[in-house]
Structures are given as C-alpha cells and as structure tokens.
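Report on the structure
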Amino acid sequence: MVPIVPEVKKQNRDTIKINKDTARIAKTKPLPVVETPVLKADSLITLNELLFETDSYKLKDVHYAQLDSLSKFLLAHPALEVSVAGHTDNTGNERHNVTLSTRRAEVVAQYLINKGVADEKVFFEGFGSSRPIRGNETREDRGKNRRVEILIRDPKRK
C-alpha cells in the first residue's frame, strides 16, 4: 500500500500562509447584567427586578444584588432616610392586599437593616392595590404592580 501524501503548494518567500484553526469554542449564554440603580438623595426608585409572585412577600435571589447596592449606598450616606412602599395587583380582597403589600415593604426594610442600615432611618408602608403603575388586565401588568418602591430622602431638605 502506497501512503497518501498531501500535495504541497509552492509559495513565494515573502508570503505567509495561515491555516484556519479548527478548534471550536462552545457558545455560552452571557450572565445577566445587574444594573446598579443611580442612587441619590431625594429620589424615588422602583427596582424593576423587585417584583413578587402572586400572594407572596418572599424575596428572590435576583433581589439581593440590588438591595446590597442600595444598602452600601445608604451606609455610605448615613444621614439619608429611606421609605419602602409595598404594592400589589388588584387580585383578591383589598384588606389582604394591604397586609401583603406591607409585608413586602417590611421584608425589604428588614433586609436593609440586617445589612447595617440604621433602623431609625428605614420606614415602610403598604398601599395594597391603590397605586398601580399598570392596568391589571394582563398577567404581565399585574406582575409589574406587585412591586416595592424605595424613596431615598435627605431629612435636612424639606
């Protein structure tokens, strides 16, 4: 049996031949980027990822990065106060919704306090379904209404 020898092409001395690399790189999904909110005194922040499941006030893992960023900002500016407002969609009894929205605000407030923010600088309140930011006709819109808003303010400015 005669071995097969690849054909060699003659090249000029001043040319360089580059063969295409055959190694393959697996495509990976990029990690989600957590945007740090622009934080300053006297501003209202609606944390877009701080949304809750129906009839739940449990924080999700995705909430922690934003709340950690907020707590660091508040620790760096100890004169500031923060008011946490909880909201629900219009599903169910309004009395229950007020309780649920209060618990949503309270769990966020407690998280900030546990991170070192002075408890006398953190206030919370629940508004039930009385302040929607979207209609309540679709599942997506109701999901946007199940939120927490955070007001950072300087008590020296009135």
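What counts as what
Residues numbered from 1 in each chain as written. Predicted model: local features only at pLDDT ≥ 70, side-chain atom pairs only at ≥ 80, totals over all residues. Heavy atoms only, no water. Helix = DSSP H or I, 4+ residues; strand = E, 2+ residues; numbered from the N terminus. Contact = heavy atoms within 4.5 Å. Polar contact = N/O pair within 3.5 Å; in protein donor to acceptor, adjacent residues only side chain to side chain. Salt bridge = Lys/Arg side-chain N within 4 Å of Asp/Glu carboxyl O. Buried < 20%, exposed > 50% of the residue type's maximum accessible area, 1.4 Å probe, protein only. 1 Å grid on protein atoms, 1.4 Å probe; cavity = no way out; pocket = protein on both sides within 12 Å on 5 of 7 lines; lining within 4 Å. Points joined across faces, edges and corners; volume = space filled by probe spheres on them. Nonpolar A, V, L, I, M, F, W, Y, C, P; charged D, E, K, R; others polar.

Considering the environment of Arg-104
Along the chain, the position of Arg-104 falls in helix H2 (residues 94–114). Taking C-alpha positions, Arg-104 is 7.6 Å from His-87, a pair spaced 17 residues apart along the chain. What Arg-104 contacts, discounting residues up to four positions off in sequence, is Phe-52, Glu-53, Thr-54, Asp-55, Ser-56, Tyr-57, His-87, Thr-88, Arg-146 and Val-148. At 2.8 Å, the side chain of Arg-104 and the backbone oxygen of Ser-56 are in polar contact.

So, the pattern of salt bridges
Enumeration over the complete set of coordinates arrives at 6 salt bridges. The residue Glu-81 makes a salt bridge to Arg-153 at a minimum N-O spacing of 3.3 Å. Note that Glu-81 is positioned in strand E2 (residues 81–86) and Arg-153 in strand E4 (residues 147–153), a separation of 72 residues in sequence. Accessibility expressed as a relative area gives 24% for Arg-153, which makes it partly exposed. With its nearest N and O atoms 3.0 Å apart, the salt bridge here joins Arg-134 to Asp-141.

Here we look at the layout of surface pockets
The method is simple in principle: a probe with the dimensions of a water molecule rolls over the atoms, and the space it marks as empty is what remains. Approximately 150 Å³ is the volume found for the second largest pocket. Taken together, 13 residues form the lining of the second largest pocket, with Ser-83, Val-84, Ala-85, Phe-127 and Leu-151 sitting closest to its centre. At the level of elements, E2, strand E3 (122–126) and E4 are the ones that each hand at least two residues to the lining of the second largest pocket. Across the lining of the second largest pocket, the residue classes break down as 8 nonpolar, 2 polar and 3 charged.

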